[in-house]
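Single-letter residue listing:
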Number of protein chains: 2
Amino acid sequence: MRDVAAAAGVSLKTVSRVVNNEPGVTGAVRERVQAAAERLDYRHNLAASNLRRSGSRTGVIGVLVQDVANSYSAGLLRALEDAMRVHDVMLVAGSLDETTARERAMVTNLISRRVDGLVIVPASPRQDYLEPEIRAGLPIIFADRAPRGIDTDSVIVDNALGAYQAVDHLLARGHRRIAVLTDSASIATADERVRGARAAFAKHGLELPGDLLVRGHADQQGAAATVHRLRELPDPPTAIFAGRNAISKGTLQALAERGERESVAVVGFDDFPMADLLQVTVIRQDVAKLGALVAARLLERIAGDTTPPIRIVLPPTLIPRGSGEIPPPAA
Amino acid sequence: MRDVAAAAGVSLKTVSRVVNNEPGVTGAVRERVQAAAERLDYRHNLAASNLRRSGSRTGVIGVLVQDVANSYSAGLLRALEDAMRVHDVMLVAGSLDETTARERAMVTNLISRRVDGLVIVPASPRQDYLEPEIRAGLPIIFADRAPRGIDTDSVIVDNALGAYQAVDHLLARGHRRIAVLTDSASIATADERVRGARAAFAKHGLELPGDLLVRGHADQQGAAATVHRLRELPDPPTAIFAGRNAISKGTLQALAERGERESVAVVGFDDFPMADLLQVTVIRQDVAKLGALVAARLLERIAGDTTPPIRIVLPPTLIPRGSGEIPPPAA
DNA sequence: TTGAAAGCGGTACCAT
DNA sequence: ATGGTACCGCTTTCAA
């Protein structure tokens, strides 16, 4: 910038004015500066610029999701991007893979980068470590999962309700041997889904069969293995509630391998690509809406809103597509 | 930082040493400084830090893809993230949606943020506007699509070969009325795929039926509409080569609606989630490998490598899953 | 309308 | 082992 000033024969400040499109510069001078900048391949340095600027914003927010390659996370990312773009805010994204350490590390990193805000789909059991940041006024919104140990804005999905809907849907069609497959019990969301499933059984005066509740599925392969095992039981499940994206896929894979796609009912939590073509009944969370709400709240916070934290809970929807409407085999 | 220094009763420089884990500080002093930093909720400012640092790196790279919500883009993003994480580099990601303007805007923005490097899946027809940056030594790697009007590192997929494989696969099974559906002709990749398709016909001494080559599909719905239209022709296609992810989906959707999933052959370019369960034959690009190669090259460049640009071309693979092996109806 | 000087949060260099 | 001071690239404040 100094070079540009010298080349244009003006002061530093004038160049700064031109670069930032500030008033107070004659047309002629402005053009001379722009020409010099062009000639010297000058590139404005935003970091330095923000350093001195008063209520400076970096124009970047941090977004920590489970896995950017997962369709749900990717959809959330995209919704956030679209909402933030109109405000000229970019996203730095990170995949947590359900690891607490990574969440902590990335949050620390993002904070040292002075992001304008944080969107977190938490992987850690508690987030009280964020207390100082909140107090310092850093806008943080939790998405998809509620924060623990701290009071912050959050936009989440009613997991228990979704699971309730799914299992109730199956019970209403006569199923009793319903398997419930979820991910690691350390993930709060999984617990809520189990709770919802139990509630559905309770409503019908029944209980979730203990041998059919299997937790701790890390990936598609694990879920597939479980389905194979359960279907070999003397009294196998006639329906399966898959508590997550990847688990649904593993379930379908296993059933396809066994040639049981048409005979075993399946309802999955989370919609996923091609689920419609595969005729899979799912509990859909409206990611676009979730993202939009998160972005809106974040923008308000960034704009200076200091009202008490808000919790928004979105109801999921059951989308019947066939797999969840398969009746139990005639007794 | 000044406050921390005051609180700990040491100089600024000493605090700096402690924060950066530099040697030359006694254990006692170090602890005193850390305690003060903790107490004051001190947060290191990376932007300011990098300002003075010599060969400073920001630890951020920009990644511009088509659409972060698209499984292919998301997979690339994830592969890059994994490779860069071990070097403590974060990703700021953006979706271009095939718009030239957005590409330019985001590149400009990222440069003013002084990213350490750029990974671009170009949406613009030419990228010579990047010439000054390249000259200035900014590492830029093109992924998936070759750069135009500029000589830079690139890791791309052999699109013509993939299309050739797909169409040859169908021709070998007796199909002659093969529809070729691609996206906008302004996208170089699409052209190459058409070229590959023509080459396959040529090999068999045939020509691609002009009425069955349909370009310009923007999304799944458009592709579905085209399939419906083509199948209503007096001499409809017996096989379809879908030139992209979304087009494959639209094709499957339309065929499913028509109850023709079992009778019309389909080969798609790009693998996609659940394609295996849907038994769709595809031309697979190894995104993980692509991402790993891109990351490796980028890291070399960031480390100071100034050798001439490298072009890597990955061969895609045909994955037969059923849909591409459907024979034409007996004449 | 334009410029000079101070300072943002930190690091480099050289003393002490 | 620690501190002083210049300085990174730019904006702010205030004077010209």
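Residues numbered from 1 in each chain as written. Chains lettered and ligands numbered in written order. Predicted model: local features only at pLDDT ≥ 70, side-chain atom pairs only at ≥ 80, totals over all residues. Heavy atoms only, no water.

Draft legend 1. Focus on the interface of chain B and chain A. In this complex, chain B contributes 48 residues to the contact, which on the side of chain A involves 48 residues. Carbon and sulfur atoms supply 59% of the area buried between chain B and chain A, which totals about 4100 Å² over both sides. For Arg-78 of chain A, the salt bridge identified is with Asp-67 of chain B, shortest N-O distance 2.8 Å. For the interface between chain B and chain A, the tally reads 21 residue pairs in polar contact (both at pLDDT 80 or more). At the level of secondary structure, the elements contributing two or more residues to the side of chain B that touches chain A comprise helix H4 (46-52), helix H5 (71-85), strand E2 (90-95), helix H6 (100-112), helix H7 (131-135) and helix H11 (245-258) of chain B. (Contact = heavy atoms within 4.5 Å. Buried area = accessible area lost by both parts, 1.4 Å probe. Salt bridge = Lys/Arg side-chain N within 4 Å of Asp/Glu carboxyl O. Polar contact = N/O pair within 3.5 Å; in protein donor to acceptor, adjacent residues only side chain to side chain. Helix = DSSP H or I, 4+ residues; strand = E, 2+ residues; numbered from the N terminus.)

Draft legend 2. Examining the protein's contact with DNA strand C more closely. Lining the immediate environment of DNA strand C, one finds 25 residues, of which Thr-14 and Thr-26 of chain A together with Met-1, Ser-16 and Asn-20 of chain B sit closest. One of the backbone N or O atoms of Ser-11 of chain A is found 3.0 Å from a phosphate oxygen in DNA strand C. The separation between a phosphate oxygen of DNA strand C and a polar side-chain atom of Asn-20 of chain B is 2.6 Å. Taken together, the elements giving at least two residues each to the surface near DNA strand C come down to helix H2 (12-19) and helix H4 (46-52) of chain A together with helix H2 (12-19) and H4 of chain B. (Near = heavy atom within 4 Å.)

Draft legend 3. Local environment of the environment of Asp-183 of chain A. All names here are of chain A. Along the chain, the position of Asp-183 falls in the loop between strand E6 (178-181) and helix H9 (188-203). Residue classification places Asp-183 among the buried positions, given a relative accessible area of 6%. Residues Asp-183 and Arg-258, 75 residues apart in the sequence, show an inter-C-alpha distance of 23 Å. When neighbours within four sequence positions are excluded, Asp-183 is seen to be in contact with Ala-190, Arg-215, Gly-216, His-217, Arg-244 and Ile-247. Here the side chain of Asp-183 touches Arg-244 through a polar contact of 2.9 Å, side chain to side chain. (Buried < 20%, exposed > 50% of the residue type's maximum accessible area, 1.4 Å probe, protein only.)

Draft legend 4. Layout of the UniProt feature "domain: HTH lacI-type" (unreviewed entry) in chain A. On the UniProt side, "domain: HTH lacI-type" (unreviewed entry) is annotated at positions that read residues 1-53 of chain A here. With 66% helix and 0% strand, residues 1-53 of chain A has its two end C-alpha atoms placed 16 Å apart. (UniProt positions renumbered as here; feature names shortened; annotations may be inferred.)

Draft legend 5. Main features of the domain arrangement of chain A. You can read the domains of chain A as domain 1 (2-44), domain 2 (60-157 + 286-314) and domain 3 (159-285 + 318-325). Taking only C-alpha atoms, the centre of domain 1 of chain A and the centre of domain 2 of chain A are 38 Å apart. (Domains from an automatic or database assignment.)

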